[in-house]
Amino acid sequence: DISLSPAEILIETVSVPVGADIEVVVADMDLYYQSGPTQNQLKRPFEYPELSEVNESTESYRQGLEEFQFREFQKAQDAFEKCLVQDPLHLGATSGSKSGFG
């Protein structure tokens, strides 16, 4: 049984044959390590789902928002109006095309 005060460091030396796999467990601290080359690999897929395609009206709306943020108000209004041609009921473009544009 080992008892350490806070911030006290324990150093132990253990002889292990070269190339041998080791396992270290500190149960009270939930620490666990294995040295095997496949032991620490994540077991989950690294494939990303395909992104859904964005329709033209949404793309025009996003373009309008970006132009608005850069204070390119005429370009923003043109983009919002393009969105409304593609989708006359697009709520964001409807309010965006009327918010402060001459």
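All of the points below concern the structure found in this document. (Residues numbered from 1 in each chain as written. Predicted model: local features only at pLDDT ≥ 70, side-chain atom pairs only at ≥ 80, totals over all residues. Heavy atoms only, no water.)

What to know about helix α1 (residues 56-69)
Since the α-helix turns once every 3.6 residues, residues separated by three or four places project in the same direction. We apply this condition: Going along the chain from the N terminus, every DSSP run of H or I of four or more residues is numbered as a helix, and every run of E of two or more is numbered as a strand. One less than the number of residues in a helix, times 1.5 Å, gives the span that helix is expected to have. Categorising residues by exposure relies on relative accessible area from a 1.4 Å probe, with only protein chains included: less than 20% of the type maximum marks a residue as buried, more than 50% marks it as exposed, and the intermediate range marks it as partly exposed. Note: the arc covers the axis-to-C-beta directions of the helix.
Given a rise of 1.5 Å per residue, 14 residues ought to cover 20 Å, and the 20 Å separating the end C-alpha atoms of α1 matches this to within 8%. When α1 is considered as a whole, its buried residues turn out to be S57, S60, G64 and E67. Buried positions in α1, seen along its axis, are confined to an arc of 85° and lie on one side of it. Downstream of α1 by a residue or two, R71 has a phi angle that is positive, lying close to 60°.

Considerations on the environment of D87
Note on placement: D87 falls in the loop between α2 (73-86) and α3 (91-97). C-alpha of D87 to C-alpha of M29: the two residues are 58 residues apart in sequence and 59 Å apart in space.

Some details on the side chain of E67
Quick reminder of the rule: Charge counting treats Lys and Arg as positive and Asp and Glu as negative, with His and both chain ends excluded. One speaks of a salt bridge when a side-chain nitrogen belonging to Lys or Arg is within 4 Å of a carboxyl oxygen belonging to Asp or Glu. Residue contacts are counted whenever heavy atoms from the two residues lie within 4.5 Å of one another.
With respect to the helices and strands, the residue E67 is situated in helix α1. Buried and unpaired, E67 has K75 as its nearest opposite-charge partner, separated by 4.9 Å. Every residue in contact with E67, bar those within four places of it in the chain, is listed here: E72, K75 and A76.

Observations concerning α2
If you check α2, its first and last C-alpha atoms are 20 Å apart, about what 14 residues at 1.5 Å a residue would give, namely 20 Å. When α2 is considered as a whole, its buried residues turn out to be A76, Q77, A79, F80 and C83. Projected onto a plane normal to the axis of α2, the buried residues spread over an arc of 160° and lie on a single side. Exposed residues lying more than 90 degrees from the buried face of α2 are Q74, K82 and V85.

Some thoughts on the pairing of strand β1 (residues 23-26)
The test is simple: In this scheme, strands are said to pair when DSSP sees at least two bridges between them.
By the bridge criterion, four bridges tie β1 to strand β2 (residues 31-34) in an arrangement that is antiparallel. Its bridge partner lying in β2, V26 is registered against L31. Taking the residues between adjacent antiparallel strands as the criterion, β1 and β2 are bridged by four residues, where D30 takes a positive phi near 55°.

Quick look at the packing of aromatic side chains
The geometry of an aromatic ring pair is captured by two quantities: the separation of the ring centres and the angle between the planes. Under the convention used in this document: Each Phe, Tyr or Trp ring (for Trp, its six-membered ring) is paired with any other whose centre lies within 6.5 Å, and the angle between the two planes then decides the class: stacked below 30 degrees, edge-to-face above 60, tilted in between.
Within this structure, the stated rule accounts for two aromatic pairs. Between Y61 and F80 the ring centres are 5.8 Å apart and the planes differ by 40°, which places this aromatic pair in the tilted class. Placement of Y61 in helix α1 and of F80 in helix α2 is noted, with a sequence separation of 19 residues between them. For the pair F68 and F73, a centre-to-centre distance of 5.4 Å together with 65° between the ring planes defines the contact as edge-to-face. Taking relative accessible area as the criterion, F68 reaches 33% and is therefore assigned partly exposed.

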